[in-house]
Amino acid sequence: MRVIHTVIPWTIPGDDVATAAAPGVRRHPDVAAVPAAGRRPAGAGRGRVLRALRAVAALLGLGAIGGYVAIALLRLGYAFPLEVLESNSLVEVHRILAGQPLYVAPTVSYVPDGYPPLYFAVSAAAASVLGQSYLVLRVVSLGSSLACFAVVARLVGRETASAPAGLAAAGLLAATYFAAGTWFDVARVDSLFLALSVAGLYTARWMRTRRAAIMTGLLLGAAFLTKQTALAEGAAVLAAVAAGPRRRLAVPAALAYAATVGASTLALGLASHGWYLYYVFEQMSEHALNASAVGQFWAGYLLPTLGLAIVAVMLRVRRGPGVLLAGCAALVVEGYAALVHAGGGVNDLLPAYLVVALLAGLAMGDQPRGMPPARASRVARARTAGWSGWAVGWGWYPRRVGRPAALAAVVLVVAQLAVLAAGSRPGRAIPSGADRAAGLRLAAGLRALGGTVAIPADPALAVMAGLPEIEDQFAAVDVLRASDPSAKATFTRSVARAVATRRFTMIITVIDGDLRGFPPDLPRYYHRCPQMPLLGIPPAPFRHGLAIQPVSVWLPVGRGSCAVAARALAGPLAAAGSPALADAPSRSGGPR
């Protein structure tokens, strides 16, 4: 110690051994004297308040996660779509298990969703063991969302040296469940995309070896294979790594990422004769911009939902790890770009909610990033890289900074969690007995009627009933609103041929606009029945933003009976003499 201090004549704060060994050694000028025994260090009381508030935030966060899990478990086994876009996900899993291609020309029989295949492949692997149902796809989403919360908690906890701050950040993300349209547990790609995105961000932040760099590239590539908007995050994170102190690891990470993205794109593009490229890369870029959503992203969604947390972020996050900040910026850009295009939805806000929760968690820390807790040994603290503080000799020695700002950030996060909890509406997320009964009656009626039944709003219902596949109306609308004339012409010609040849034994419409893409001369070949089989069933409250209307039935002109079809679809309601099923005169004068 004497030899060291002859070269580096500064002592470490609290290093009484060094001071005793070298009594003439000068203390660092910025270091306050160590408090005498029995005296309370300055700021100790404020530190206890901060720890107590963090504990409160962590408890609220755990409550938000627990509430989300409870609701998700109650919804998990619902046999019908919780969100109308779930239906095509089940159809795509069915196609994978049947050995059919995912990416084909759009026809009246099938139109794929415009996403890469990873979520559907993972769900198909689970369904091959557990059976084909919405439950399996939702288990994948639920598990992905919980993995996302765990990585957020670990990342924030490691950066702030505070496990409660990590739990609070994860809980803040979970608390946006209702603001995000109860999207975390539905059978869609978003939760898996978030989990892989934040996992790639975590490994990029803390990678130290070539193997970790390769894992970073693979995780970012997997995020792209789940949702193509992840291209922005991958490019931003790898650029930040290349510009930072670990630039030697940027090459293996970039190679792994490029191999994942490039090889999958080449293979799927060739196998689909180019249709994969159309759905994943071209389709959304051809959609018109939604001018009303340009400002709505901030003023209509982000600020009203997480305004207090955003203030907490602005208080503390002035600078930070470049990799984290680059990844967070890219995630916000991804969500914004998706929302402002026609067809954007509330699920496009999830990356932004993730970023705010992550940065708000970092704002709750009062220690330099990456520093171990105060109870850790001096050796453990000395081995931690990336501290901010002052230079002493050959290392960086930490000091607590910005404790008042951290205290304010924790108060804001606690308030934000409380506000989000007050706005939760569990009853609107859980299907009622009437919803289940209506779905069961409709499925039983389809099995009884047989034939080729077109249900554009819920194509999985026909598949579950053992009937031929039919296009999903929402995937078809994405084709119709794009500018590619060949894809639109392929789809509309297919629909027109099916209508002209009376291919469908019945067309059932459930939602406004179900017949988009159908030819204008549809009434020449099909007539609409006056009966509305499920008129007495209230709209499903968990289907957000859609005008649910009673089922309408179209039958081929000169074929079938409207009364028979209505009785079959309504099941026991008909036997009970429901006025909704009374044999009213036909408005079109056609057969009943």
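Calculation notes
Residues numbered from 1 in each chain as written. Predicted model: local features only at pLDDT ≥ 70, side-chain atom pairs only at ≥ 80, totals over all residues. Heavy atoms only, no water. Helix = DSSP H or I, 4+ residues; strand = E, 2+ residues; numbered from the N terminus. Buried < 20%, exposed > 50% of the residue type's maximum accessible area, 1.4 Å probe, protein only. Salt bridge = Lys/Arg side-chain N within 4 Å of Asp/Glu carboxyl O. Phe/Tyr/Trp six-rings, centres within 6.5 Å; stacked < 30°, edge-to-face > 60°. Core = buried A, V, L, I, M, F, W, Y, C linked by side-chain atoms within 4.5 Å. Contact = heavy atoms within 4.5 Å.

Draft legend 1. Here's a closer look at unusual backbone geometry. Residues other than glycine seldom take positive phi values, yet T182 does so here, at roughly 50°. Mapped onto the elements of the fold, T182 is located in the loop between α7 (163-174) and α8 (190-206). The phi dihedral of H273 is positive, around 60°, even though this residue is not glycine. With respect to the helices and strands, H273 occurs in the loop between α11 (250-271) and α12 (275-282). On the basis of relative accessibility, which here comes to 74%, the residue H273 falls in the exposed class.

Draft legend 2. Structural view of the environment of P321. With respect to the helices and strands, P321 occurs in the loop between α13 (291-316) and α14 (322-339). Judged by its relative accessible area of 10%, P321 is buried. Taking the C-alpha atoms as reference points, P321 and R205, 116 residues apart in sequence, are found 7.6 Å from one another.

Draft legend 3. Structural detail: the pattern of salt bridges. Under the criterion given, the structure shown has eight salt bridges. The shortest N-O distance in the salt bridge between K227 and D190 comes to 2.9 Å. Taken together, the residues K227 in the loop between α9 (210-226) and α10 (231-243) and D190 in helix α8 connect sequence positions 37 residues apart. As far as the burial class goes, K227 and D190 line up, both buried. What you see here is one network of salt bridges that share partners, running through D190, K227 and D348.

Draft legend 4. A look at the packing of aromatic side chains. Enumeration over the complete set of coordinates arrives at 17 aromatic pairs. With a centroid separation of 4.9 Å and an interplanar angle of 65°, the aromatic rings of Y68 and Y177 are classed as edge-to-face. Of this pair, Y68 sits in helix α3 (residues 44-76) while Y177 is found in the loop between α7 and α8, placing the two residues 109 residues apart along the sequence. By the burial criterion, Y68 is buried, and Y177 matches it.

Draft legend 5. Quick look at the nonpolar core. Counting 160 residues, the largest nonpolar core has L173, L446 and F504 as its most contacted members. The biggest single contributor to this core is helix α15 (residues 350-363), with 12 residues. Filtering out sequence-adjacent residues up to four positions away, L446 remains in contact with V453, I455, L461, A465, L467, I508 and L569.

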